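Report on the structure
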Amino acid sequence: MKKKLLSVLLAAAMTSALTSATAFADDTVTLRIAAQPYPLYSSIWVAYELGYLEEELAAVNAEYTWTEFQSGPLVNEAVAAGEADLGYMADLPAIIAKSSGQEIEIVSNVAYGEKGLAVLIPTDSEITSVAELEGKKVAYATGSYAQHLLALLLDQEGLTLDDVESINLSAGDQVAALSSGEVDAIVIWEQYISLLTTEGTAKVLADGTGIKRGNMVTYAVTSYAEEHPEVIEAYIRALDRADEYIEEDPSAAAEVIAEDFGVDAELMETILGNFTFTTELTQDDIDEIEAVKDFSLEAGIITNDIDFDSFINTEYLDAVAAE
């Protein structure tokens, strides 16, 4: 009788343990990250490759999925379709998403860098100034921050986007189009700037120096962030660790992520030097993002204004900073 009772108690204990384990597993939160494979976001890739994302999310009983897209506008489409909870991108596509009515909010900076975006022309091109792009074929990803840089550069010359023949192409397709002579210029970001100029395929006509800060940001779906603030904070902690790693040893960081972008470690380290990687959203960053919004509204790139109080939310950054 005692043996039978002991067996029953052991079975009950095992069942309880299994039930508890299952319940814990069922409580795991998933963060669906919409990623982009560009060095503009090197800190996120360092966090990804070194396991910082996995570690910090696991600490709050969360995990993540990682789906790659070739531009910010494509990330916006995935988020709008309910297929992602968080995406990182340049300032303009985030602004376009908010202006279109998507319920998203910027929760952190990622990086900024004026030289990370440029207008490239073939090395043998006779074009010598932005003004000479008038009437020419210029390729860029519509809705990306490349469109904003081009608009700013043209504006300085008394021109608008209507004064060039705009060709909407992904970054990879821009390279092919420039190499084949199908377009006169492209507006593109790293790693392509360094790759094309190093191999002698293209040269820089103009970059963002003195005209565009070039903020890369992370935005989250507002409802997800409100329901899972600990997950957003864990993501930020992972990026903070990556920022520190890049700052302390850029050579080692370059080795970690060079292959992800199809460049060698030496070129990757050079690219890293063109950016400041930080999650912090300073007033300068916020002012810059608002200036991008204002220009985009005036230029007709967006048609609806944005309530900045609901667009930029620093409470998750503040919570991490207070730890």
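Above this text you will find the structure in question.
Rules behind the numbers
- The residue numbers shown here count from 1 along each chain, following its written sequence.
- Per-residue local features are limited, in this predicted model, to residues with pLDDT of at least 70; the limit for side-chain atom pairs, both in listing and counting, is 80 or more; totals at the level of whole chains, interfaces and linings are taken over all residues.
- To get the side-chain values, all heavy atoms of the structure are used, and hydrogens and water are removed first.
- Only rings of Phe, Tyr and Trp enter the pairing, Trp through its six-membered ring, and a pair is recorded when the two centres are within 6.5 Å. The plane angle decides the type: under 30 degrees is stacked, over 60 is edge-to-face, the rest tilted.
- Comment: elements are numbered from the N terminus, with helices defined as DSSP H or I runs of at least four residues and strands as E runs of at least two.
- Type-normalised accessible area, obtained with a 1.4 Å probe on protein chains alone, sets the label of each residue: buried when under 20%, exposed when over 50%, and partly exposed for intermediate values.
- We call two strands paired when DSSP finds no fewer than two bridges between them.
- Contacts are assigned to residue pairs with any non-hydrogen atoms lying within 4.5 Å of each other.
- Note on definitions: angles span 0 to 180 degrees between N-to-C directions of axes, and those axes are lines fitted to C-alpha atoms, for helices only across the stretch in contact.
- Each angle receives one of four descriptions, namely roughly parallel if under 35 degrees, roughly antiparallel if over 145, roughly perpendicular if within 65 to 115, and oblique otherwise.
- Amino acids outside the nonpolar list (Ala, Val, Leu, Ile, Met, Phe, Trp, Tyr, Cys, Pro) and the charged list (Asp, Glu, Lys, Arg) are all regarded as polar, and Gly is one of them.
- Put simply, buried Ala, Val, Leu, Ile, Met, Phe, Trp, Tyr and Cys residues joined by side-chain atoms within 4.5 Å make one nonpolar core.

**Concerning the packing of aromatic side chains**
- Going through the model one piece at a time under the given rule, you end up with 13 aromatic pairs.
- Consider the rings of Y48 and W66, whose centres lie 4.0 Å apart with planes at 10°: the pair is stacked. With Y48 in helix α2 (residues 42–49) and W66 in strand β2 (residues 62–68), the pair connects residues that are 18 residues apart, well separated along the chain.
- Here the aromatic rings of W66 and Y88 are separated by 6.4 Å at their centres, their planes lie at 50°, and the arrangement is tilted. Here Y88 lies in strand β3 (residues 86–90) and W66 lies in strand β2, a separation of 22 residues in the sequence. Pair check on accessibility: W66 and Y88 agree, each one buried.

**Looking at the sheet that holds strand β4 (residues 104–112)**
- Here we have six strands laid out as an open sheet, ordered β2-β1-β3-β10-β4-β11, and mixed in their pairing. A strand with exactly one partner marks an edge of an open sheet, and here the two such strands are β2 and β11 (276–277).
- Lying on the sheet, helix α5 (residues 91–99) is in contact with β3, β4 and β10 (215–221); it crosses β3 at an angle near 125°.
- Across the sheet, helix α10 (residues 229–248) lies against β1 (29–35), β2, β3, β4, β10 and β11, angled at about 5° from β4, the strand it touches most.

**Side note on unusual backbone geometry**
- The peptide bond linking E190 to Q191 adopts the cis configuration, its omega dihedral lying at 15°.
- Within the secondary structure, Q191 sits in the loop between β8 (185–189) and α8 (192–198).
- With a phi angle near 60°, N61 is a residue other than glycine that sits in the positive phi range.
- Looking at the element boundaries, N61 is found in the loop between α3 (52–58) and β2.

**Regarding helix α11 (residues 250–257)**
- For α11, the full list of buried residues reads A252, A253, A254 and I257.
- Where the residues of α11 are buried, they touch α2, α10 and α12 (265–272).

**Points about the packing of helix α6 (residues 145–156) against helix α13 (residues 283–298)**
- At their nearest, the axes of α6 and α13 sit 11 Å apart, and the two run at 70° to each other. It follows that α6 is roughly perpendicular to α13 by the angle criterion. Residue-level inspection shows H148, A151, L152 and D155 of α6 in contact with α13, the latter providing V292, F295 and S296.
- Grouping the amino acids of the contact of α6 with α13 by side-chain chemistry returns four nonpolar, two polar and one charged.

**Considerations on the nonpolar core**
- Y41, Y88, L133, W189 and F311 are the most contacted members of the largest nonpolar core, which totals 117 residues.
- It is α10 that provides the largest number of residues to this core, a total of nine residues.
- Among all residues touching L133, those that are not within four sequence positions of it are V119, I127, V138, L150, D163, V164, A185 and L205.

**Some points on the sheet that holds strand β9 (residues 202–207)**
- Strand order in the open sheet made by the five strands is β7-β6-β8-β5-β9, with mixed pairing throughout. The strands lining the two open edges of the sheet, one partner per strand, are β7 (165–168) and β9. The sheet shows a mean angle of 30° between the axes of neighbouring strands, direction not considered.
- Helix α7 (residues 171–180) contacts β5 (117–122), β6 (137–140), β8 and β9 of the sheet and is inclined by roughly 145° relative to β8.

**A word on the packing of α10 against α11**
- Viewed as axis vectors pointing N to C, α10 and α11 meet at an angle of 120°, and their least axial separation amounts to 5 Å. Relative to α11, the element α10 is oriented oblique. Only P250, A252, A253 and V256 of α11 make contact with α10, whose side of the interface consists of Y245, I246, E247 and E248.
- Counted by class, the contact of α10 with α11 contains six nonpolar, no polar and two charged residues.

**Describing the environment of A206**
- Structurally, A206 is set in strand β9.
- Separated by 51 residues in the primary sequence, A206 and D155 have C-alpha atoms spaced 13 Å apart.
- With near-sequence residues (within four places) excluded, A206 lies in contact with A118, V119, V130 and L153.

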